[in-house]
Amino acid sequence: MVDQDYPAPQLFIAGRWIDAVGRDTLPVLNPATGDEIGRVPVATTADLDEALDAAAKGFRVWRRMSAIDRSAILRRAANLLRERAPVLGRLTTLEQGKPIAQAIMEMAGCGEYFDWFAEEGRRAYGRVVPSRQPGVRHLVIPEPIGPVAAFTPWNFPATIPSRKIGAALGAGCSMVIKPAEETPWSALALARALDDAGLPKGVLNVVFGIPADISTYLITSPIIRKVTFTGSTAIGKQLARLAADRMKPATMELGGHAPVLIFDDADLDTAVAMMMAAKFRNAGQICIAPTRFYLQNSIHDRFCTAFSAAASRLIIGNGMDSTVQMGPLANPRRVPALTSMISDAVAAGATLACGGNPVSNAGFFLQPTVLTNVPDTARIMSEEPFGPVIVTQSFDDLDDAIAKANRLPFGLASYAFTRSAKIMRALGDEVETGMIGINFPVLTGPETPFGGVKDSGHGSDGGPEALAGCMVNKYIVEG
Ligand code: NAD
């Protein structure tokens, strides 16, 4: 596929596909070339009002439909996504940059989310509570909370919307979603599959625009009953405040700065191989990407040498080339954001073991980068780099490692490598984190919880917890 084959992005409101005519537009760039490949329409206030009205009406239809009928539609959409994944994955690579195999896998994986939430919605059972009085019945009935407003980023431009859409629709809610303007088709493809699968009009509405304008408008609307966001902690706090003022629950999946604790009894080859894959997938633009590598004194240098050698061998380039292992960063602002963090770390006393530079003039590429012995005063030790960069320090013992892991306000994902059952137990108990992978990367999937603690947010985008997050319990007493 060439860039001319990138279809014009649209809005999807009340079951209608709406093109950009008569509306402002924002550019969509191919991050591998820097070229503009399309323009995404900016929703007007009238569009947003129509989307909200459609979500209110769509909710009334969808919540009354039986769980098994809702499930059938989600499952049909899941099958369509799997069938279409090879074509849709190419759109994701064009607009986001990730290697084509990763993009196709992402699209097919969205089907897994729809399938799982389709089935989980059929098991939203509620309970009957034994009564203290004869002849009285106590029922606890879970109900869909209502229309949900969702805001999703550009790094997993299909997966993240699919989780939020799957949970909301599986629970019987309707939704207005504003995916990232940089990557519109990855999310529109999900709406297209649901539309083709027979989703009633208005149950899902997709809009684009200036993020702060759209989120303020939607969150403050009385129609919206729940807010869900994935993105930076700073923006998450703004949106959570808007939601809290209107007493709306919010799921916030925010920034991380994942520590990796590698003890001197660990299998280093396995640690290098697993952390290479986890770090450089999607050019490190992953909220759970391993970043702060704390290495026990005696193995620090050995690990850094092996990891830097492996990182330097990665094949970087346009994700459309199937031999490429790491694509560009997703947008132009990420390259200076990262190079400035790297030079700040070197100025603070870190050693640049490999990488550190943009790769070419065209596109938004950065070399895989390893910074060793980085002092805590460097900005990158506290700010999430969100790119293909790791930082290292050495540690003395278990207590020192845990203190280092917990020193930031973030708590999304953490990693550790050790053969000691005692250390594993201590890490499970003491590391302040939403998810921890011990001798294995943190795996994300529909059936497991996905979310953080502390400044990394609250709520879950996976597992039964995500469905419960879109429901409220009603207590009914029958005399
Ligand atoms: P950003 O904070 O400007 O935007 C992040 C995402 O939030 C984008 O998709 C953007 O469209 C959206 N957004 C921004 N302001 C918004 C608002 N007021 N209302 C609704 N949505 C809004 O940052 P960026 O330059 O795009 O990315 C930089 C940082 O964002 C990264 O360093 C990382 O910390 C964070 N980020 C996190 C994730 C994640 O998966 N948790 C994904 C993308 C970006």
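Residues numbered from 1 in each chain as written. Predicted model: local features only at pLDDT ≥ 70, side-chain atom pairs only at ≥ 80, totals over all residues. Heavy atoms only, no water.

S.K.: Before we go on, may I ask you to explain the sheet that holds strand β6 (residues 137–144) in this structure?
M.R.: Paired through their backbone hydrogen bonds, the strands of a sheet run either parallel or antiparallel. Overall, antiparallel pairing links the three strands, which are arranged β5-β6-β22 in an open sheet. Of all strands in the sheet, those with a lone pairing partner are β5 (127–129) and β22 (471–478), marking the two edges. Here the average twist between neighbouring strands, direction ignored, is 25 degrees. By the bridge criterion, eight bridges tie β6 to β22 in an arrangement that is antiparallel. Looking at the pairing, E143 lines up with V472 of β22. (Pairing = 2+ DSSP bridges. Helix = DSSP H or I, 4+ residues; strand = E, 2+ residues; numbered from the N terminus. Axes fitted to C-alpha atoms, helices over the stretch in contact; angles between N-to-C directions.)

S.K.: Would you explain the site of the ligand in this entry?
M.R.: As a matter of local geometry, the ligand sits amid 23 residues, with W154, S215, S232, R333 and E384 nearest to it. Contacts to the ligand include P211, whose backbone N or O atom sits 3.4 Å from a nitrogen atom. At 2.9 Å from an oxygen atom of the ligand is found a side-chain nitrogen or oxygen belonging to S232. Starting from 790 Å² of accessible surface for the ligand in isolation, the protein chains cover 87%. Elements with a minimum of two residues in the shell around the ligand: α6 (211–220), β10 (226–230) and α7 (233–245). When residues in the shell around the ligand are grouped by element, the largest group, three residues, is from α6. In the shell around the ligand, the residues fall into 11 nonpolar, six polar and six charged. (Near = heavy atom within 4 Å. Polar contact = N/O pair within 3.5 Å; in protein donor to acceptor, adjacent residues only side chain to side chain. Areas by Shrake-Rupley, 256 points an atom, 1.4 Å probe, with all protein chains shown as cover. Nonpolar A, V, L, I, M, F, W, Y, C, P; charged D, E, K, R; others polar.)

S.K.: Even after reading the chapter, I still don't get the pairing of β6, so can you show me in this structure?
M.R.: Moving residue by residue along a regular strand, the side chains alternate between the two faces of the sheet. Burial analysis of β6 places six of its eight residues in the buried class, which makes it a mostly covered element. When β5 meets β6, the two strands line up antiparallel, connected through three bridges. The residue bridging V128 from the neighbouring strand is L139, located in β6. (Buried < 20%, exposed > 50% of the residue type's maximum accessible area, 1.4 Å probe, protein only.)

S.K.: Whenever I open this one, the pairing of strand β4 (residues 36–41) confuses me. Can you help?
M.R.: Inspection of the sheet shows strand β3 (residues 25–29) paired to β4 by five bridges, in the antiparallel sense. Counterpart to T25 in the pairing with β4 is P41. With antiparallel pairing between neighbouring strands as the criterion, β3 and β4 make up a hairpin whose turn holds six residues, including G34 at a positive phi of roughly 80 degrees.

S.K.: What exactly am I supposed to notice about the domain arrangement of the chain here?
M.R.: How big an interface is tends to be stated in terms of accessible area lost as the parts join. Partitioning the chain into domains gives domain 1 (11–254 + 456–478) and domain 2 (258–445). One C-alpha centre belongs to domain 1, the other to domain 2; they are set 31 Å apart. On the side of domain 2, 31 residues touch domain 1, which itself brings 25 residues to the contact. In total, domain 1 and domain 2 occlude about 2,200 Å² of area from one another, counting both sides; carbon and sulfur atoms represent 59% of this. Summed over the shared surface of domain 1 and domain 2, the result is one salt bridge. Between E182 and R333 there is a salt bridge, and its shortest N-O distance comes to 2.8 Å. The tally of links between domain 1 and domain 2 comes to 10 residue pairs in polar contact (both at pLDDT 80 or more). Secondary structure elements with two or more residues in the side of domain 1 that touches domain 2: α2 (67–96) and α3 (100–121). (Domains from an automatic or database assignment. Contact = heavy atoms within 4.5 Å. Buried area = accessible area lost by both parts, 1.4 Å probe. Salt bridge = Lys/Arg side-chain N within 4 Å of Asp/Glu carboxyl O.)

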